[in-house]
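Analysis of the macromolecular model
Each chain, written out:
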Amino acid sequence: MSVTVSPSEVAERFAGLVGATRHTADFGTAKVYVTPAQWVEAHRTLQPHLPFFSWLGAVDWSNERAVGEPPEEPVSERYEVLSRLAAVTSGAAVILSTDVPKDNPHLPTLIGVYGGANWHERETAEMFGIVFDGHPNTNHLYLPDGFEGHPLRKTFPLLSRDVKPWPGLVDVEGMPGETNTEAGDQETEA
Amino acid sequence: MTDRRLAAIHASDVQVSVELETPEMTLNLGPQHPSTHGVLRLVAKVDGEVIQSVEPVIGYMHRGYEKLAEVRTYPQITALVNRIDWVSGFANEIPFMVAVERLMGVEPPPRAQYIRLILTEMARISSHLVFLSSYPLELGAATPLMHALRERERVLDLIEGVTGGRFHPNFNRIGGVKPAAGAGSTQKKVSQDLPAGFLADTRKAMDACDSICDDMVDLVLGNEIFVERTRGVGIIPSARALDFGVSGPNLRGSGVHFDLRKTDDYLPYASFEFDIPTGSNGDCFDRYFVRMEEIRQAARIVRQAIDGLPGGDLQAKVPRIIKVPKGEIYVRAENPKGEMGYYVVSEGGRGPYRLKIRSASFSNVSVLPWLLEGQLVPDIIAILGSLDFVLGDVDR
């Protein structure tokens with residue numbers, strides 16, 4: 001059954017099907033960029049070809065960061081919502097990506113197209129504060145009831161780190177986003 | 001109207017009202033119930049013995065790995081990902097390592113890839129043996145547990161011999177696998193990287209795994225009670241499975257002939273001969289059968305890998321401080337529980353900007369509300385157990 005397909009061909013084909021303007025296939029990961037208005041319709045178009053709903057998630061592109069390293073060059077502020085769809089007759093698979101503005105993060109739900117989107121959207125909603133319009137269940141999935149804030153936003157601090165420095169700091173390399181010991185700054189090639 | 005007729009009307013009224021007033025009851029299962037393999041809670045609304053609706057409550061074991069990964073370096077994340085699905089810790093490391101290596105443009109040496117493959121398949125065997133033994137126990141049969149866990153211990157001992165850890169090997173390094181103590185990263189003496197006698201012992205253990213499967217056929221699949229409790233119970237049609245992202249043996253139990261080891265190239269599976277067992281009904285029995293056959297196929301792969309194990313280095317050359325170039329990649333792997341994948345976003349630093357973890361059990365469990373609706377209360381345990389999930393893999 002070994003059917004290997006080229007990611008760039010996959011990206012090009014599915015971008016054509018959904019009418020996307022941009023597609024990439026860097027590092028073997030086919031990615032198709034659609035607008036929020038195209039989001040549901042794009043999934044509906046691809047569903048017969050890619051019936052396997054793998055996952056849905058988001059990336060917080062942010063210049064203000066409470067965790068990790070500060071940006072080397074500014075990124076454009078947005079939430080990028082991603083969903084991964086796959087075929088089961090070949091290795092064809094694609095990630096659909098759309099950008100949601102930070103001041104009003106709304107996106108229509110995919111539950112009508114893929115039932116599996118339910119939990120993934122609930123997770124993304126509580127972790128990033130993105131509202132999925134039409135979602136039947138807005139209760140927290142992982143977080144306790146009454147939890148405030150959206151932990152996977154870059155502005156959300158990792159409090160345990162603030163209270164107690166990471167003990168690994170004494171090691172040979174520094175942690176992302178922390179000023180380093182002299183050992184960590186020396187980047188030697190092995 | 002005669003008194004007799006009035007009495008008859010009265011009697012029928014009573015009957016009707018009794019039928020209408022069956023109270024809906026809420027049945028709470030978990031979070032600490034032995035069949036949930038951890039801390040899963042099910043809130044079921046039942047009408048007598050029939051389940052009206054089920055709401056799984058998860059998150060009791062949410063450890064926030066995706067956030068933690070943003071403040072860890074790539075080599076440190078290996079220790080985190082080990083603990084997602086702890087029944088097959090080694091297999092969790094592979095897709096993460098491959099994702100980082102591909103972003104860096106590093107290719108591990110063939111010997112390291114083969115050792116990864118052998119240990120991944122052994123992790124699969126040990127994970128499936130837990131299922132083969134614990135699932136009958138949940139249905140009331142205690143003998144298979146003792147029987148299969150003995151062989152699983154043997155496999156774990158072998159994994160421990162190579163990696164130093166039974167559950168959390170933390171054995172992969174970016175660009176290869178951890179060399180034996182004192183051997184250095186460019187060691188040439190191939191006899192020193194695997195413990196003495198490992199290959200011979202593994203071969204024996206694989207034969208033992210085959211024979212335990214034979215025993216299980218008689219002990220479990222031939223058991224009338226087991227068959228009655230699992231045949232036709234908890235059927236997931238293939239279209240529904242795909243829709244919910246159900247993957248791995250659960251998907252193949254529903255008759256979908258799909259295995260990432262055949263379609264993706266994260267490890268050199270293309271040079272091995274093995275079959276993809278599938279079920280036909282998508283019921284609990286098929287899911288049990290598929291896992292049993294997968295043990296045989298995994299043993300077959302391990303034997304071939306031992307025969308063809310190449311010599312050479314265990315580690316490609318990588319910088320002492322790992323910095324990963326800018327890029328985004330998703331790598332998925334066929335883990336014992338299903339599709340496990342990592343979406344890594346790198347901005348060029350020592351740790352990922354974002355790490356999205358796709359764990360198999362999360363999607364496998366998300367089908368439960370649909371699957372349990374209309375089933376009988378005693379079948380909850382049979383269906384839950386057959387999905388073979390691990391709460392660490394659901395909650396991450």
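What counts as what
- Residues numbered from 1 in each chain as written.
- Chains lettered and ligands numbered in written order.
- Predicted model: local features only at pLDDT ≥ 70, side-chain atom pairs only at ≥ 80, totals over all residues.
- Helix = DSSP H or I, 4+ residues; strand = E, 2+ residues; numbered from the N terminus.
- Buried ≥ 20, exposed ≤ 12 C-beta atoms within 10 Å, placed from the backbone.
- Contact = placed C-beta atoms within 7 Å.
- Pairing = 2+ DSSP bridges.
- Nonpolar A, V, L, I, M, F, W, Y, C, P; charged D, E, K, R; others polar.
- Axes fitted to C-alpha atoms, helices over the stretch in contact; angles between N-to-C directions.
- Parallel < 35°, antiparallel > 145°, perpendicular 65-115°, else oblique.
- Left-handed = near helix turned anticlockwise from the far one by under 90°.
- Core = buried A, V, L, I, M, F, W, Y, C linked by C-beta atoms within 7 Å.
- Expected span 1.5 Å × (residues − 1).
- Arc of directions from axis to C-beta.
- pLDDT = per-residue confidence, 0-100.

Time to look at the overall build of chain B. When helices and strands are counted, chain B shows 16 helices and eight strands. For chain B, the residues scored as buried account for 54% of the 396 residues in total.

Per the secondary structure count, chain A includes five helices and seven strands. Expressed as a percentage of its 190 residues, the buried residues of chain A come to 37%. The long-range share in chain A, meaning contacts at least 24 apart out of those at least 6 apart in sequence, stands at 55%.

This next bit is on the pairing of strand β3 (residues 52-61) of chain A. Residues and elements named next belong to chain A. Taken across its ten residues, β3 has nine buried, putting it largely inside the fold. Pairing of β3 with strand β4 (residues 78-86), which is carried by nine bridges, proceeds in the antiparallel orientation. Paired with L56 across the two strands is S83, which belongs to β4.

Facing the 48 residues of chain B at the interface are 45 residues of chain A. Of all the secondary-structure elements, those providing two or more residues to the side of chain B that touches chain A are α2 (65-69), α4 (89-104), α9 (238-243), α11 (260-263), β6 (327-335), β7 (338-346), β8 (354-358) and α13 (360-366) of chain B. Element by element, the count of residues in the side of chain B that touches chain A is highest for β6(B), at four residues. Looking at side-chain class alone, the side of chain B that touches chain A contains 17 nonpolar, 14 polar and 17 charged residues.

A few words now on the sheet that holds strand β2 (residues 41-47) of chain B. All names here are of chain B. Spatial ordering of the open sheet is given by β1-β2-β3, a layout of three strands whose pairing is antiparallel. Bordering the open sheet on either side are β1 (25-29) and β3 (50-57), each of which pairs with just one other strand. In this sheet, adjacent strand axes meet at a mean angle of 20° when their direction is disregarded.

Let's shift gears to the packing of helix α1 (residues 7-18) of chain A against helix α2 (residues 39-46) of chain A. Two quantities define a packed helix pair, namely the angle between the axes and the distance from one axis to the other. All names here are of chain A. α2 packs onto α1 with a crossing angle of 120° between their chain directions and a minimal axis gap of 9 Å. The angle between the axes of α1 and α2 places the two elements in the oblique class. For α1 against α2, the interelement crossing comes out right-handed. Along the contact surface, α1 presents F14, L17 and V18, while α2 presents A42, T45 and L46. Taken together, the residues of the contact of α1 with α2 sort by class into five nonpolar, one polar and no charged.

With that settled, the discussion passes to unusual backbone geometry. The backbone of A:F27 shows a phi angle near 55°, a positive value even though the residue is not glycine. Residue position: A:F27 is located in the loop between β1 (22-24) and β2 (31-33). A:F27 sits in the partly exposed class, given 18 other C-beta atoms within 10 Å. Phi is positive for B:D388, which is not a glycine, with a value near 50°. One can find B:D388 in the loop between α15 (379-386) and α16 (391-395).

This part takes up the nonpolar core. In this structure, A:V94 and B:V100 are the most contacted members of the largest nonpolar core, which totals 156 residues. In terms of residue count, helix α5 (residues 110-138) of chain B provides more of this core than any other element does, 14 residues in total. Those residues in contact with A:V94, other than ones at most four positions away along the chain, are A:V10, A:A11, A:F14, A:A30, A:V32, A:L50 and A:L85.

Turning next to the packing of helix α3 (residues 74-81) of chain B against α4(B). Residue and element names in this part refer to chain B. Remark: α3 packs on α4, axes separated minimally by 9 Å, with the N-to-C direction vectors making an angle of 160°. Comparing the axis directions of α3 and α4 gives the class roughly antiparallel. The handedness of the crossing between α3 and α4 is right-handed. Two secondary-structure elements touch here, α3 through Y74, I77, T78 and V81 and α4 through N92, E93, F96 and V100. Tallied by class, residues from the contact of α3 with α4 come to five nonpolar, two polar and one charged.

Residues and elements named next belong to chain B. Relative to the helices and strands, V50 is located in strand β3. By C-beta crowding, V50 is classed as exposed, having 12 other C-beta atoms within 10 Å. For V50, the contacting residues outside a window of four places in its chain are G374 and L376.

All names here are of chain A. For α1, with twelve residues, the first-to-last C-alpha span of 16 Å sits near the 16 Å given by 1.5 Å per residue. Considered for burial, the residues of α1 that qualify are P7, V10, A11, F14, A15 and V18. Around the axis of α1, the buried residues are gathered within 125° of arc, so they sit on the same side. Facing away from the buried side of α1 by more than 90 degrees, the exposed set consists of E9 and G16. Where the residues of α1 are buried, they touch β1, β2, α2 and β5 (93-100).

Glancing now at α2(A). Residue and element names in this part refer to chain A. Listed as buried for α2 are W39, A42, H43 and L46. Across the axial projection of α2, the buried residues extend over an arc of 100°, all falling on one side. Taken together, the buried residues of α2 touch α1, β4, β5 and β6 (106-108).

Bringing the sheet that holds β6(B) into the picture now. Residue and element names in this part refer to chain B. Strand order across the open sheet formed by three strands is β6-β7-β8, with antiparallel pairing between neighbours. Across the chains shown, the open sheet's two edge strands, defined by having one partner strand only, are β6 and β8. On average, each strand axis in the sheet is inclined to that of its neighbour by 10°, with strand direction left out of account. Relative to β8, β7 runs antiparallel, the two sharing five bridges.

A separate point is the confidence of the model for chain B. Residue and element names in this part refer to chain B. Looking at chain B as a whole, its pLDDT mean stands at 85, while 90% of the residues score no less than 70. With pLDDT under 50 throughout, residues 182-191 is counted as low confidence; its partners more than four residues away or in other chains account for eleven contacts. With pTM at 0.84, the complex prediction returns an ipTM value of 0.84.

For the rest of this paragraph, the subject is the environment of B:E107. All names here are of chain B. The residue E107 is located in the loop between α4 and α5 in this model. Using a count of 13 C-beta atoms within 10 Å as the deciding quantity, one classes E107 as partly exposed. C-alpha separation for the pair E107 and L242, spaced 135 residues apart in sequence, amounts to 33 Å.

This brings us to the environment of B:C209. All names here are of chain B. One can find C209 in helix α7 (residues 198-221). Sequence separation between C209 and P109 is 100 residues; the distance between their C-alpha atoms is 29 Å. If near-sequence neighbours (up to four positions away) are discounted, C209 is found in contact with I125, E151, I295 and A299.

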